[in-house]
Amino acid sequence: MVTNAIPLSIDDLTVAYHRKPVIWDVSLDLPAGSLVGVVGPNGAGKSTLLKAVMDLIPRASGRIKVFGESYADNRGRVGYVPQRESVDWDFPVDALDVVTMGLYREIGWCFPVRKKHRQAAMEALRRVGMADLANRQISQLSGGQQQRTFLARALVQDADLYLMDEPFAAVDASTERAIVDVLRDMRARGKTAVVIHHDLQTVAEYFDYVVLLNMRVVAHGFVKDVFTPENLQKTYGGRLTLLDEVTEAMRHQRRKL
Amino acid sequence: MMSRSLLILFGVLAWIGMLVLNCFATELGLQPEGPEAIRSSVAPTVALLESRGSITDRRLEWPTWEQWWSLILLRDYNTRVVVLGVTLLGAAAGMVGSFTLLRKRALMGDALSHATLPGIGFAFLLANQLGWDAKSLPLLLFGATVTGLIGLGVVLVIRHSTRLKEDTALGAVLSVFFGGGVALLSVIQQMDGHAAGLESFIYGKTASMGIRDVQLIAVAAMVCILVSFLLFKELKLLCFDGQFASSRGFPAIRLDIVLMGLVVTVCIVGLQAVGLILVIALLIIPAAAARFWTEKMWVMFLISGCIGAAGGMVGAGMSAVFARLPSGAMIVLVCTVFFLLSMVFGTSRGILVRWLQRTQLHRSIDRQHLLRAAFELVEPKRATPGAEKESVRQDGHREQVTVSMQALLGKRSWSSWRLNRAIDRAARDSLLYRDGDGISLTARGVIEAARLTRQHRLWEIFLIAHADFAPSQVDRQADAIEHVLEPELIRELVSLLDQQDIIVPASPHPVEELKS
């Protein structure tokens, strides 16, 4: 069920780590059924933005609505693909196990994983082209295959809004194609995906909508309107040097205390 | 993680070695110099314990057959109950330990258990003052829990409020609390003569356990096992990817507290049976041993529980017949035997399996080198590249050219021993045969050698054409990669280079030829 409500609406969001502001005063409304790229330099707060949306880190101020409700109320409609480096891939589980983890909430506390859940997980693996690797231990998978496993774990939930943290980072060409296919398939089914992206050359090809972020939102809108050299210059170059200096000074002060 | 567990393991082994040596010192007539040497070399705790006469007095008496039988058949009710209780404790520790090992929190239990000692002392003093039964186990364990949790709290505070790392905080808390506890115990000892027995908490003594104590241990262990089973899925998710767990609405912090609670329970009820110094070993060793056998978490969880249970059972049984042997040391020794066996024979990550896999890889690489070297040496002796296709395809056709050992040796930097071994193995698979001083490829050998050479050269051509390698370097680069090429990659390579028609392309760089 995809309602017409705005999938993700952020109002005046500020997040700080140890009093060091990471993102300042972010406000956005994302259109439903689109692929949204979040672009910005390292340390611009892209991952922080996604984590703040999911209440994984405390926010200093701001209001976040997911399909018109709080995240906690609409958790089931949001799928999350964390960065690949965020876990220890030497863990004793296989690819199918990892994908099944996306269903744990549905399975419920204390209940074991049943056959239908494994079938659903298998189907998700098939969608990312990994059906034949389902029983392989995760450390034996290549980087791209690990990334696809994470994607399948989000897909198995059948969410309406997907938040992906650098799914294209350091993956092989066939994985990149597989992810793009999945994204387009999502869009065709009216789902929304917010994807942190590093490769500026492919932004226009992969995404409809783009958010240029460097601690604050430099610009956001449809790619053809917003993805301009001037805006990129503002995001990456010339820069918000003052903002940088202020946060660095604050960090330095904190260290002395 | 592994290296940390190994470090603990060796520490435990050293400790046990000391104990055993000490036990036998009197028996072997080493009394004059033996304990002296040990006393000077180990921590003051041992000296303290010795001064109380609890270790040096341990004369071992070999049990009679009668005693062995009654142990094996568990005839004695008391023994039966104790063995059962400690077995359950071992199983619980093994299961909980597999979570903490994977959560990388294995050492938290160590700080906790060492920090329990002052609590035991305080509880004893308090009970004495108030005229209660100062030897009541629940009371002592309550005191232990309080200071244990304070110790954990101090670790967390140090970690969050200073820039010290966790290992520093753990080490500091562990030693300070333990030192305080030892001091307190010796003060109690001087004040009150019947405080003897408290030190059994340090290294464990099942002999001092009453039925009620065992009941407490068994119930607590069963609760831990039950919780581990019920929350297996949730704890697994927490250990693998805590952030994803919270994003899905699982309360990660509360799950962490539950896991810590399990560790606390195992440590506290394990104090009497295993002792506070060694209880951490029961949390780490079975889990680390189980990891060698499997890549599936629930299998690891069960194996770990079984190893812990076996350790508990045998250790408690031994301690029942050798009344003076510290049960904690026995339990940990049994677990360590399992660990060593797992480390060597583990079917998933054991040393033996990995060594076999490595040997196999080296052998297959040696064979590939041998076949390619032989092929390249006889290559110029054949006709032009066009005719080569036919000569390979002719069935049963034997390459008559003999390659001398000298030429093969010059081709690579391998010892003649290694080369001979490779030749023997290839000959056994009838890829080649020895021919006087040299070797000749069989028909099968030629086909295989042609395939390998083709693979190697395709890869070289790819490196030169697409990766800008200098032709003089390309041989070694290709060598490093070609052995792990999968068929699917080869196909891709072929279509990329558009080389379908050529069975073996000419080498892109000069190849040393057989001098005739």
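About the cut-offs
Residues numbered from 1 in each chain as written. Chains lettered and ligands numbered in written order. Predicted model: local features only at pLDDT ≥ 70, side-chain atom pairs only at ≥ 80, totals over all residues. Helix = DSSP H or I, 4+ residues; strand = E, 2+ residues; numbered from the N terminus. Rg over C-alpha atoms; globule rule 2.2 N^0.38 Å. Contact = placed C-beta atoms within 7 Å. Nonpolar A, V, L, I, M, F, W, Y, C, P; charged D, E, K, R; others polar. Core = buried A, V, L, I, M, F, W, Y, C linked by C-beta atoms within 7 Å. Buried ≥ 20, exposed ≤ 12 C-beta atoms within 10 Å, placed from the backbone. Pairing = 2+ DSSP bridges. Axes fitted to C-alpha atoms, helices over the stretch in contact; angles between N-to-C directions. Expected span 1.5 Å × (residues − 1).

A. View of the overall build of chain A. Each helix and strand counted, chain A has 10 helices and nine strands in total. Its C-alpha radius of gyration of 19 Å places chain A within 12% of the 18 Å reference for a compact globule of 257 residues. Over its C-alpha atoms, taken along the principal directions, chain A stretches across nearly 55 × 45 × 35 Å. Restricting the contact set of chain A to residue pairs at least 6 apart, pairs at least 24 apart contribute 70%.

B. Here's a closer look at the interface of chain A and chain B. Facing 18 residues of chain A, the contacting portion of chain B comprises 20 residues. Here the side of chain A that touches chain B is built from residues that sort into 14 nonpolar, two polar and two charged.

C. Highlighting the nonpolar core. All names here are of chain B. In this structure, A92 and A221 are the most contacted members of the largest nonpolar core, which totals 174 residues. Among residues more than four places away in sequence, those in contact with A92 are A221, C224, I225 and V266. A422, I439, L452 and V504 belong to the second-largest nonpolar core, a separate cluster that totals 22 residues.

D. Just the pairing of strand β8 (residues 209–214) of chain A, in detail. Residues and elements named next belong to chain A. Where burial is concerned, most of β8 is hidden: six out of the six residues are buried. Alternating positions in β8 separate into two faces, Y209, V211 and L213 on one and V210, L212 and N214 on the other, with burial throughout. Where strand β3 (residues 35–39) lies against β8, four bridges are found, and the strand directions are parallel. Bridge assignment links G37 to a residue of β8, and that residue is V210. Of the strand pairs in this sheet, β8 and strand β9 (residues 216–222) are connected by six bridges, and their pairing is antiparallel. Bridge pairing in β9 links Y209 to F222. The turn joining β8 and β9, which pair antiparallel and follow one another in sequence, is formed by one residue; a positive phi near 65° is taken by M215.

E. Quick look at the environment of B:S404. All names here are of chain B. Looking at the element boundaries, S404 is found in strand β1 (residues 403–404). Sequence-wise, S404 and L493 are 89 residues apart; in three dimensions their C-alpha atoms are separated by 33 Å. Those residues in contact with S404, other than ones at most four positions away along the chain, are D437 and G438.

F. Just the pairing of strand β2 (residues 432–435) of chain B, in detail. Residues and elements named next belong to chain B. Strand direction decides the pairing type here: β2 and strand β3 (residues 438–441), joined by four bridges, are antiparallel. Paired with R434 across the two strands is I439, which belongs to β3. The loop that links β2 with its antiparallel partner β3 comprises two residues; one of these, G436, has a positive phi angle of about 65°.

G. Looking closely at the sheet that holds strand β4 (residues 61–66) of chain A. Residues and elements named next belong to chain A. Read across the sheet, three strands follow the order β2-β1-β4 without closing on themselves; strand pairing throughout is antiparallel. Only two strands of the sheet have a single neighbouring strand rather than two, namely β2 (20–30) and β4. Averaged over all pairs of adjacent strands, the angle between their axes in this sheet comes to 20°, without regard to strand direction. As paired strands, strand β1 (residues 8–17) and β4 are joined by five bridges and run antiparallel to one another. Each bridged residue has a counterpart across the sheet, and for L8 the counterpart in β4 is V66.

H. Spotlight on helix α7 (residues 116–130) of chain B. All names here are of chain B. The terminal C-alpha atoms of α7, which comprises 15 residues, lie 21 Å apart, in line with the 21 Å expected from a rise of 1.5 Å per residue. Within the span of α7, buried status applies to T116, L117, P118, G119, I120, G121, A123 and F124. G131 lies just past α7 and shows a positive phi near 75°.

I. Examining unusual backbone geometry more closely. Despite not being glycine, A:M215 has its phi angle at roughly 65°, a positive value. Along the polypeptide, A:M215 turns up in the loop between β8 and β9. Although it is not a glycine, B:K104 sits at a positive phi angle of roughly 60°. By the C-beta count within 10 Å, which is 13 here, B:K104 ends up partly exposed.

J. Seen up close, the sheet that holds β9(A). Residues and elements named next belong to chain A. In spatial order, the strands read β5-β6-β7-β3-β8-β9; together these six strands make up an open sheet with mixed pairing. Here the strands that pair on one side only, and so sit at the sheet edges, are β5 (78–81) and β9. Within this sheet the neighbouring strands show an average axis-to-axis angle of 15°, counted without direction. Here four bridges tie β5 to strand β6 (residues 161–164), and the two strands are oriented parallel to one another. Bridge pairing links Y80 to L163 in β6. Against the sheet, helix α5 (residues 143–155) engages β5 and β6, with an angle of about 170° to β5.

K. Quick peek at the environment of A:T228. Mapped onto the elements of the fold, A:T228 is located in the loop between α8 (223–226) and α9 (229–236). As a C-alpha pair, A:T228 and A:N42 span 186 residues in sequence and 20 Å in three-dimensional space.

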